[in-house]
Amino acid sequence: ILQMLVMTNKALHRDKYGTSKARVGRIQDLVCQLGRLLESYDEMCLASLAITVTQGYTIMALPQDGDVGMSALGEALGVAPSTATRMVDQLVSKRLVERRSAPKDRRAVRVALTENGQRLRRELEKATASCFLSALEGISASRQTATIEALELVNASLGEFLETGSCTACKGGT
């Protein structure tokens with residue numbers, strides 16, 4: 001009987017994914033799936049505001065008050081400054097963003113939300129928060145906390161990994 005209890009206990013505590021490779025593969029699959037779901041979620045939330053997901057990301061990357069340079073905006077969005085410029089062009093034509101000359105360097109361009117852009121940003125923040133709250137209401141507070149902790153751990157680990165650039169497989173190694 002003791003041996004059966006030990007075996008049952010081992011079976012209950014066995015990793016359901018078996019190997020490290022299987023766990024990593026499952027994490028990678030879930031992160032990719034989450035990325036796709038979040039993009040669809042963003043599309044759904046932004047549809048009522050008559051802007052694209054890219055435009056929404058650009059608006060959210062801009063400060064509510066004040067301005068930012070094109071290079072900094074591109075970096076915040078993870079795109080080249082020329083791509084950020086095209087994104088801003090679309091928002092300028094919708095009168096949501098305005099370009100400003102930098103006081104110390106008239107050649108440098110700074111970007112700021114217009115009054116309409118600031119209003120839209122507040123609406124966007126409210127809409128996405130409301131949608132996300134609705135989407136997660138069926139998950140208990142303790143599971144939400146565990147999810148936050150797990151995502152923080154994954155983010156920190158990936159961030160550290162990217163900072164060190166230690167992936168030999170990514171560099172053509174094995």
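Our structure is the block above this text.
Before going into details, it helps to say that this report is about the structure given with it.

Basis of the calculations
- Residues numbered from 1 in each chain as written.
- Predicted model: local features only at pLDDT ≥ 70, side-chain atom pairs only at ≥ 80, totals over all residues.
- Heavy atoms only, no water.
- Pairing = 2+ DSSP bridges.
- Helix = DSSP H or I, 4+ residues; strand = E, 2+ residues; numbered from the N terminus.
- Axes fitted to C-alpha atoms, helices over the stretch in contact; angles between N-to-C directions.
- Contact = heavy atoms within 4.5 Å.
- Core = buried A, V, L, I, M, F, W, Y, C linked by side-chain atoms within 4.5 Å.
- Buried < 20%, exposed > 50% of the residue type's maximum accessible area, 1.4 Å probe, protein only.

Moving on, we come to the sheet that holds strand β2 (residues 97–101). Ordered by their spatial adjacency, three strands build an open sheet running β1-β3-β2, and the pairing between neighbours is antiparallel. For this open sheet the edge positions go to β1 (67–69) and β2, each flanked by a neighbour on one side alone. Direction aside, neighbouring strands of the sheet carry axes that sit 35° apart on average. In terms of strand pairing, β1 meets strand β3 (residues 109–113) through three bridges, oriented antiparallel. Bridging from a neighbouring strand, aspartate 67 pairs with alanine 112 of β3. Against the sheet, helix α5 (residues 81–93) contacts β2 and β3, and its axis sits at roughly 120° relative to β2.

Before going further, it helps to examine the nonpolar core. The biggest cluster of nonpolar side chains holds 18 residues, and the ones touching the most others in it are Ile51, Ile59, Leu62 and Val97. At the level of elements, α3 (53–61), α4 (70–77), α5, β3 and α6 (115–136) are the ones that each hand at least two residues to this core. The biggest single contributor to this core is α5, with three residues.

Relative to the helices and strands, leucine 124 is located in helix α6. On a C-alpha basis, the gap between leucine 124 and leucine 46 in space is 7.3 Å, while along the polypeptide they are 78 residues apart. Residue contacts for leucine 124: discarding those within four places in its chain leaves Leu46, Leu49, Gly56, Ile59 and Met60.

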